[in-house]
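Take a look at the letters that make up each chain.
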Amino acid sequence: MTDYDYDLFVIGAGSGGVRASRMAAGYGARVAVAEERYLGGTCVNVGCVPKKLLVCASAFADHYREASGFGWAAEQPAFDWGQLLANKNREIERLNGIYRGLLDSAGVELFEGRARLLDPHTVEIDEGGSGGSRVTADQILVAVGSWPDMPPIPGIEHAISSNEAFYLERLPERVAVVGGGYIGVEFAGIFAGLGCDVTQIYRGPLFLRGFDEEIRAHLAEEMRDRGICLRFESRVESIEETAGNDDRLRLHLDDGGTVDCGEVLYATGRRPLVAGLGLENCGVELGEQGEIVVDEFSCSNVPHIWAIGDVTDRLNLTPVAIHEAMCLSRTLFAGEPTPVDHEAVATAVFSQPPLAAVGLTEEEARARYEEVDVYRSRFRPLKLTLTDNQERTLIKLIVDRSSGRVLGAHMLGADAPEIIQGLAVAVKMGATKDDFDAAMAIHPTSAEEFVTLR
């Protein structure tokens, strides 16, 4: 390894790339990382963190409405979008600085520019000046993430992606959200909570494909109760700019209908950000969506070239990218070959109300196991009983009848992500329904329903 400038060169300083860099350096490796855009990647800058902050902001509308049920009275609240964005931007800048500090303290050299592969051991970095610097590395890790994918329909240039949604100069009266994944569902709730009239359009019969069907259907009910117009089995054929002031855009749908709005957010998927990386110079194999094909240790078909995170399109979640980074660092520099474990990964959709799950859905369990027991409870949370809010929480446990093992836990309702995180430990350990039943309940809570299901 001494023949190279670095033992490991990382392309991309997102959550996965930074974790891999720090851990590898901690094992004694000489490490450098290149980032052309922003430290922390999508999650910190235009993803998980700012999106959750907007979710929190939008939830205050419910808090104000419910306060009177508990004896609180206040003047009509006013919301300032500009102040929220300014505060959000300040927090993101703080986090950028933290990521820079983490790399510095670990002894990782940072190149701020675009990197591309010239061969399996040589990287060229364009740092904005004339030409580019070249460095060599024994091992190269690609952790560049993904980018919003916009469909080639007429008028798509009038639409924004989630990237731009975090920097809108003003909130429109009406918003159309196109797409039915995490991002689309979460932004529909955000805009609605902040007072916008929202229409969500999705080509399939029900959004959030891959989650438990009963949970998905219940979320659709709750979102409609919040005034969000859900138009399933609909496609946008074109976007037209109109002469309207607030409703400056008109969406033409495949059923002949139209939707007028001030902004249209497209959240119809993301693609691995591999263009211009020079992967073709090394013969790195790509999949149908442009993802880097890797094995269980995150190694590509080219020895010494590795990839983690969204660029591999395996399980596109920030904690998964971090886990993959840790496994990779152990494999390369700790003498502990560690395959990635993508089983029973807990996840959450910060919809309103939020959804969280770990393990198999009811549909997946019935397809894999001969006999499955499903335990469910649907109830109105205690906090809402003094208010006019009729929202109902739904929880489910999926159990293999022969062994009693809990195969999956699902929840739609307040605090679902916090509750499921704890249950993920039990599901990962192989806990049985008897184990759940043996746990004493914390009363009165929504979480206690999981250990009192009969």
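This one's a predicted model, so the numbers in the text were calculated from it and none came from an experiment.

Turning our attention to the overall build of the chain. Each helix and strand counted, the chain has 11 helices and 21 strands in total. Along the first, second and third principal axes, the C-alpha atoms of the chain reach 70 × 65 × 45 Å. Counting the 454 residues in the chain, one finds 50% classified as buried. Residue pairs at least 24 apart in sequence account for 61% of intrachain contacts in the chain once pairs closer than 6 positions are excluded. On the chain, roughly 21,100 Å² of surface is accessible, and the fraction owed to carbon and sulfur atoms is 49%. The chain carries 42 positive and 70 negative side-chain charges, and their two centres are separated by 3 Å.

It helps to recall that an α-helix has 3.6 residues per turn; residues three or four apart then point in one direction. Its 13 residues give helix 7 (residues 213-225) an end-to-end C-alpha distance of 19 Å, which sits within 8% of 18 Å, the value for a rise of 1.5 Å per residue. Among the residues of helix 7, Ile 215, Arg 216, His 218, Leu 219, Ala 220, Glu 222 and Met 223 are the ones counted as buried. Regarding helix 7, its N-cap is Asp 212, as a side-chain oxygen of that residue lies 3.1 Å from the backbone nitrogen of Glu 214 further along. Directly beyond the C-terminal end of helix 7, a positive phi value near 95° is found at Gly 227.

Once that is clear, we can look at the pairing of strand 20 (residues 393-400). With 8 of its 8 residues buried, strand 20 lies for the most part within the structure. Residues of strand 20 alternate between two faces, with Thr 393, Ile 395, Leu 397 and Val 399 on one and Leu 394, Lys 396, Ile 398 and Asp 400 on the opposite face, all of them buried. Of the strand pairs in this sheet, strand 19 (residues 372-379) and strand 20 are connected by 8 bridges, and their pairing is antiparallel. The partner of Phe 379 across the bridge, within strand 20, is Thr 393. The pairing of strand 20 with strand 21 (residues 406-412) spans 6 bridges and is antiparallel. Paired with Leu 394 across the two strands is Leu 412, which belongs to strand 21.

So, on to the packing of aromatic side chains. In this structure the tally under the stated criterion is 7 aromatic pairs. Where Tyr 6 meets Phe 111, the ring centres are 6.4 Å apart and the plane angle is 90°; that geometry is what we call edge-to-face. Here Phe 111 lies in strand 3 (residues 109-112) and Tyr 6 lies in strand 1 (residues 6-11), a separation of 105 residues in the sequence. Of the two residues, Tyr 6 and Phe 111, both sit in the buried class. Taken together, the ring pairs in this structure connect Tyr 6, Phe 9 and Phe 111 into an aromatic cluster. Geometry around Tyr 167 places Lys 88 over its ring, the cationic atom sitting 4.0 Å from the centre.

This brings us to the packing of helix 1 (residues 15-26) against helix 4 (residues 81-106). At a closest axis distance of 9 Å, the pairing of helix 1 and helix 4 adopts a crossing angle of 20°. Classed by the angle they form, the pair helix 1 and helix 4 counts as roughly parallel. In this structure, helix 1 crosses over helix 4, and the sense of that crossing is left-handed. Contacts from Ser 15, Val 18, Ser 21, Arg 22 and Ala 25 of helix 1 reach helix 4 at Tyr 99, Leu 102, Leu 103 and Ala 106. Looking at the contact of helix 1 with helix 4 residue by residue, the classes come out as 6 nonpolar, 2 polar and 1 charged.

Moving on, we come to the sheet that holds strand 14 (residues 263-266). Within the open sheet, the 4 strands sit side by side as 10-9-8-14. Their pairing is parallel. Among the strands making up the open sheet, the edge pair consists of strand 10 (229-232) and strand 14. Here the average twist between neighbouring strands, direction ignored, is 15°. One ladder, built from 4 bridges, connects strand 8 (residues 174-178) with strand 14; its direction is parallel. Bridging from a neighbouring strand, Val 175 pairs with Glu 263 of strand 14. In this fold helix 6 (residues 182-193) packs onto strand 8, strand 9 (197-202) and strand 14, with an angle of close to 165° to the strand it touches most, strand 9. Running over the sheet, helix 7 touches strand 9 and strand 10 and is turned about 140° from strand 10.

The rules behind the values
- Residues numbered from 1 in each chain as written.
- Predicted model: local features only at pLDDT ≥ 70, side-chain atom pairs only at ≥ 80, totals over all residues.
- Heavy atoms only, no water.
- Helix = DSSP H or I, 4+ residues; strand = E, 2+ residues; numbered from the N terminus.
- Buried < 20%, exposed > 50% of the residue type's maximum accessible area, 1.4 Å probe, protein only.
- Contact = heavy atoms within 4.5 Å.
- Areas by Shrake-Rupley, 256 points an atom, 1.4 Å probe, with all protein chains shown as cover.
- Lys, Arg positive; Asp, Glu negative; His and termini not counted.
- Charge placed at Lys NZ, Arg CZ, Asp CG, Glu CD.
- Expected span 1.5 Å × (residues − 1).
- Polar contact = N/O pair within 3.5 Å; in protein donor to acceptor, adjacent residues only side chain to side chain.
- Pairing = 2+ DSSP bridges.
- Phe/Tyr/Trp six-rings, centres within 6.5 Å; stacked < 30°, edge-to-face > 60°.
- Lys NZ or Arg CZ within 6 Å of the ring centre and 35° of its normal.
- Axes fitted to C-alpha atoms, helices over the stretch in contact; angles between N-to-C directions.
- Parallel < 35°, antiparallel > 145°, perpendicular 65-115°, else oblique.
- Left-handed = near helix turned anticlockwise from the far one by under 90°.
- Nonpolar A, V, L, I, M, F, W, Y, C, P; charged D, E, K, R; others polar.

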